[in-house]
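Descriptive structure summary
Single-letter residue listing:
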Amino acid sequence: MSAFYRDTAVYGKSVHEYSIKVNDEQWLGASTVEKLVDIVLSEGICPSAMLYIDGQPSNECITDFVVE
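Notes on the structure in this doc start here. In this text the structure is predicted, and so the values were computed from the model without any measurement.

1. Re the packing of aromatic side chains
Think of a pair of aromatic rings as described by two things: how far the centres are apart, and how the planes are tilted against each other in angle. One pass over the structure, following the stated rule, counts one aromatic pair. Relative to Tyr 52, the ring of Trp 27 lies with its centre 4.9 Å away and its plane at 85 degrees, an arrangement referred to as edge-to-face. With Trp 27 in strand E4 (residues 27–30) and Tyr 52 in strand E5 (residues 50–53), the pair connects residues that are 25 residues apart, well separated along the chain. An identical accessibility class is assigned to Trp 27 and Tyr 52; each is buried.

Here it is in structure tokens:
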């Protein structure tokens, strides 16, 4: 896995407002959900990942924010 996917985490949570867990130890985050969607889609990451807001699960997936 590329270093690109690493996100700074504090106490096991991403420091970004919007983030997804790439795996058990790595996060991918952005300052807006739109930026996060763009990154996920451009990098070929599965968009069905659970969205975290301020480190808490939101019960929404990235796919909920994809605009056709």
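2. Notes on the sheet that holds E5
The strand order E4-E3-E5-E6 describes an open sheet built from four strands, whose pairing is antiparallel. Only two strands of the sheet have a single partner each, and these edge strands are E4 and strand E6 (56–61). Strand-to-strand twist across the sheet, computed as the mean angle between neighbouring axes with direction ignored, equals 35 degrees. In this structure, strand E3 (residues 18–21) lies alongside E4, joined through four bridges in antiparallel fashion. Bridging from a neighbouring strand, Tyr 18 pairs with Ala 30 of E4. Across the sheet, helix H1 (residues 33–43) lies against E3, E4 and E5, angled at about 130 degrees from E4, the strand it touches most.

3. A word on the environment of Ile 53
Take Ile 53: it is sitting in strand E5. Taking the C-alpha atoms as reference, Ile 53 lies 8.9 Å from Ile 20; in sequence the two are 33 residues apart. Excluding its chain neighbours within four sequence positions, the residues that come into contact with Ile 53 are Glu 17, Tyr 18 and Ser 58.

4. Details of the environment of Lys 13
Position of Lys 13 relative to the elements: it lies in strand E2 (residues 13–14). With sequence-adjacent residues up to four places away left out, Lys 13 is seen in contact with Thr 8, Trp 27, Gly 55 and Gln 56.

Rules of the game
- Residue positions are given per chain, counted from 1 along the sequence in the order it is written.
- Per-residue local features are limited, in this predicted model, to residues with pLDDT of at least 70; the limit for side-chain atom pairs, both in listing and counting, is 80 or more; totals at the level of whole chains, interfaces and linings are taken over all residues.
- The side-chain values count all of the structure's non-hydrogen atoms but skip hydrogen atoms and water molecules.
- Note on aromatic contacts: the rings of Phe and Tyr and the six-membered ring of Trp form a pair at centre separations within 6.5 Å, being stacked when their planes are under 30 degrees apart, edge-to-face when over 60 apart, and tilted otherwise.
- Strands are runs of DSSP state E lasting at least 2 residues, helices are runs of H or I lasting at least 4, and numbering of each runs from the N terminus.
- The buried label applies to any residue whose accessible area, calculated with a 1.4 Å probe on protein chains only, is under 20% of its type's maximum; exposed applies above 50%, and partly exposed to all values in between.
- At least two bridges found by DSSP between two strands are what make those strands a pair.
- Simply put, an axis is a line fit to the C-alpha atoms, just over the touching stretch for a helix, and the angle between two N-to-C directions goes from 0 to 180 degrees.
- Should any heavy atoms of two residues lie within 4.5 Å, those residues are considered in contact.

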